[in-house]
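Now for the letters of each chain:
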Amino acid sequence: MRLRGISSKNIGMKQLSLTAFRQKTYSFGTMNEFSGISASPGIAISQAFLYLDDTPTIPRYRIDDSQIADEFERFTVAVEKALGELQGLQNQERTNGGNQHELLDSHLLMLSDPELTSSIESRLRKNRLNVEWVLYRFIQEQTDKLLRAEDQYLRERTADIHDVAKRVLNHLMFRQKISLSDLAREVILVAHELMPSDAIAMNKRMVKGIALDGGWKTSHTAILARAFEIPAVLGLSDISRAIRTGEEIIVDGNRGRVITEPDDRTKKRYLRVQREWRKREVELMNLNELPAETQDGKLVYLTANIEVPEEVDALASHGADGVGLYRSEFLFLRGTRLPTEEAQYHAYSQVLRDVRDKPVTIRTLDLGGEKIAPMLGGSRERNPILGWRAIRLCLSRVDLFKVQLRALLRASVYGDLRIMFPMISGIEELNHAYEVLDEVRQELRTEGVTFREDMPVGIMIEVPSAALTADILARKVDFFSIGTNDLIQYTIAVDRGNEKIAYLYEPFHPGVLRLLKAVIENAHEVGIPVGMCGEMAGDPVATLILLGLGLDEFSMSSVGIPEVKRIIRSVTISEAEELVGTVMEMRSYQEVDSFVAELMRKRFEVGVY
Ligand code: PEP
Ligand code: MG
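Residues numbered from 1 in each chain as written. Chains lettered and ligands numbered in written order. Predicted model: local features only at pLDDT ≥ 70, side-chain atom pairs only at ≥ 80, totals over all residues. Heavy atoms only, no water.

Let's talk about helix α19 (residues 484–492)
Taken across its nine residues, α19 has eight buried, putting it largely inside the fold. Buried within α19 are the following residues: Thr-484, Asn-485, Asp-486, Leu-487, Ile-488, Gln-489, Tyr-490 and Ile-492. Backbone geometry just downstream of α19 places Ala-493 in the positive-phi region, at approximately 55 degrees. (Buried < 20%, exposed > 50% of the residue type's maximum accessible area, 1.4 Å probe, protein only. Helix = DSSP H or I, 4+ residues; strand = E, 2+ residues; numbered from the N terminus.)

Description of the environment of Asp-495
You can see Asp-495 is positioned in the loop between α19 and α20 (510–525). Counting along the chain gives 10 residues from Asp-495 to Asn-485, while the straight-line C-alpha distance between them is 9.9 Å. Dropping the residues within four chain positions of it, Asp-495 is found in contact with Gln-489 and Ile-501. Here the side chain of Asp-495 touches Gly-497 through a polar contact of 2.8 Å, landing on its backbone nitrogen. (Contact = heavy atoms within 4.5 Å. Polar contact = N/O pair within 3.5 Å; in protein donor to acceptor, adjacent residues only side chain to side chain.)

Some thoughts on the nonpolar core
Ranked by internal contacts, the top residues of the largest apolar core, which has 135 residues, are Ile-210, Phe-421, Phe-480, Leu-516, Ile-545 and Phe-554. Ignoring anything within four residues of it in the chain, the contact list for Phe-554 reads Val-300, Tyr-301, Leu-302, Thr-303, Met-532, Ala-537, Thr-543, Leu-546, Leu-547, Val-564 and Ile-568. Core analysis: the second largest hydrophobic core is formed by 33 residues, Phe-72, Leu-108, Leu-111 and Ile-120 among them. (Core = buried A, V, L, I, M, F, W, Y, C linked by side-chain atoms within 4.5 Å.)

Observations concerning the pattern of salt bridges
A full pass over the atoms with the stated rule returns 36 salt bridges. Of the charged contacts, one joins Glu-443 and Arg-406 as a salt bridge, the two residues approaching to 3.9 Å between their closest N and O atoms. With Glu-443 in helix α16 (residues 427–447) and Arg-406 in helix α15 (residues 398–411), this pair connects stretches of sequence that are 37 residues apart. Given the relative accessible area of 28%, Glu-443 is considered partly exposed. (Salt bridge = Lys/Arg side-chain N within 4 Å of Asp/Glu carboxyl O.)

Concerning the side chain of Asn-305
Tracing the backbone shows Asn-305 in strand β10 (residues 299–306). Beyond its immediate stretch of four places on either side in the chain, Asn-305 contacts Glu-311, Leu-325, Arg-327, Cys-533, Glu-535, Ser-555, Met-556 and Ser-557.

Observations regarding the coordination of the magnesium ion (ligand 2)
Coordination of the magnesium ion (ligand 2) by the protein involves Glu-462 (OE) and Asp-486 (OD), with metal-donor separations of 2.0 to 2.2 Å. Of this pair, Glu-462 sits in the loop between β14 (457–461) and α17 (464–468) while Asp-486 sits in helix α19; the two residues are 24 residues apart in sequence, bridging distant segments of the chain. Accessibility assignment for this pair places Glu-462 and Asp-486 in one class, buried. (Donors = N, O, S within 2.8 Å, 3.2 Å for Na, K, Ca; no water.)

Let's talk about the packing of aromatic side chains
For the coordinates displayed, the defined rule picks out six aromatic pairs. Each ring, one from Phe-401 and one from Phe-421, has its centre 6.0 Å from the other, and the planes form 65 degrees; the classification is edge-to-face. With Phe-401 in helix α15 and Phe-421 in strand β13 (residues 416–421), this pair connects stretches of sequence that are 20 residues apart. For Phe-401, a relative accessible area of 0% puts it in the buried group. A relative accessible area of 0% means that Phe-421 is categorised as buried. Pairwise contacts between aromatic rings join Phe-401, Phe-421 and Tyr-434 into one cluster. Sitting over the ring of Phe-228, Lys-204 keeps its end group 5.0 Å from the ring centre. Taking the ring centre of Tyr-414 as reference, the NZ or CZ of Arg-353 above it sits at 4.3 Å. (Phe/Tyr/Trp six-rings, centres within 6.5 Å; stacked < 30°, edge-to-face > 60°. Lys NZ or Arg CZ within 6 Å of the ring centre and 35° of its normal.)

Rendered as structure tokens:
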């Protein structure tokens, strides 16, 4: 069967849902402190908003003949409610002149399809299982079929089917559905997990802080929290079970603490820290117009990592020298359709125009791993982090890759654009990527479309095999950008988003430091610059070491730039090189960690606030 509504090409943004249910065994109303990972700095004090996993656990139990009619009745009532909800949304769209009515029409069509009703009824009779389970299995089968379809449009519709099914399931299971983008009051978002697509969609003005059970500094949700300058504490284990909506909480993103129901003294103390923190931020902004230059004249570049074009506004207010990493895949995580060439062209040229004459490095699609775009069929891999992602995905979906390259080349006339390929593991992949790029250039020339012929092309060094063959790769590119988030993950074999083994995730592991040194030296040998766009580049504890290793460009969330600049401007390059000489002799990360942390605290007050 083919669900009605999926055949009409009429689907837009997917709705996100928010669920709230009553917790069981916690005693609320008393002050408690939870310890986690400080993922984004700053202090937030507000009411908690519990955002529970969007994927409900589906109950499964047997029913007997006498219950079939009741189960079916439950289903029809839930469908009626879901239809009413969709019609309500449709009316709102019409009144507000929104652009979601085509999407809503298609969802209404799917839900009112008589084949859906008859399939559920016959399955209830045949399987004698509860209706939630029957519906869930039915939807799984339908989407599995669609994912195998030749037609890409049909494959992309699976997200809509899931959305519609979730709406009905929520009614069957009495779950309340609210959209994160509709948050209308200031809250601290508390959740077990927040997908990057949730973080992109949420109403950022209303989210004052984030507290999550899972995650780690380099998970993409942490990166987004920093990008949006929202204080965040991650890796809190089970905070989502200990907090309920409406409770007052404090998120201390500087120290990695969450305090629930603070008493007056604690709240006053945090309000004071919040004021001091803000004051210090303002003071640091005095450095905005100054270069990142050491006392003895070594100039480096401090650029910004951005995920969405709107972040460009933060560049000027934090004194960025351009964009060092634009994670273009977030354009693909925002909707249920792949962005067209035109949409991408507009996004890229907008960023270039907004940044004016400063350089902008756009990374080609790095989807896969935790960044799953539903329209590409999701990820059913056993090891997605080692799987079909980034350049691998692009080289096997040349159709997608070419659309992006066309959009990038067309946009290149608007500024100083550089592009880079993610996850390159060796020369073969790089050559293959160049072949596709050359084909696209040729096509554009034939069409008479102008683009910058000399646009620099670089690669990310984030796979150990690339780092170890940096001498070979350096001869083929215009620059390197070290992606330490992945490079550390793959070098130490430690999942960057898993808080259980986070203690192993060590930027100062001698193995990592040796790789960094080798990459920078090999690049400099052939005269190409090296940047770093992993989170290590924005960690003030690492600034002196990276400077001493010879890094040319540090790219980080805008918010981190002033502090790194302050450190760079107050040292000499020889001091930094001397430190590198000392730490490269050390045999363990513990030794490096404690030595460097102490030095940075005493000399630059790093970690004091
Ligand atoms: C990295 O791996 O360091 C990087 C910058 O890329 P991402 O965090 O998007 O994987
Ligand atoms: Mg990476």
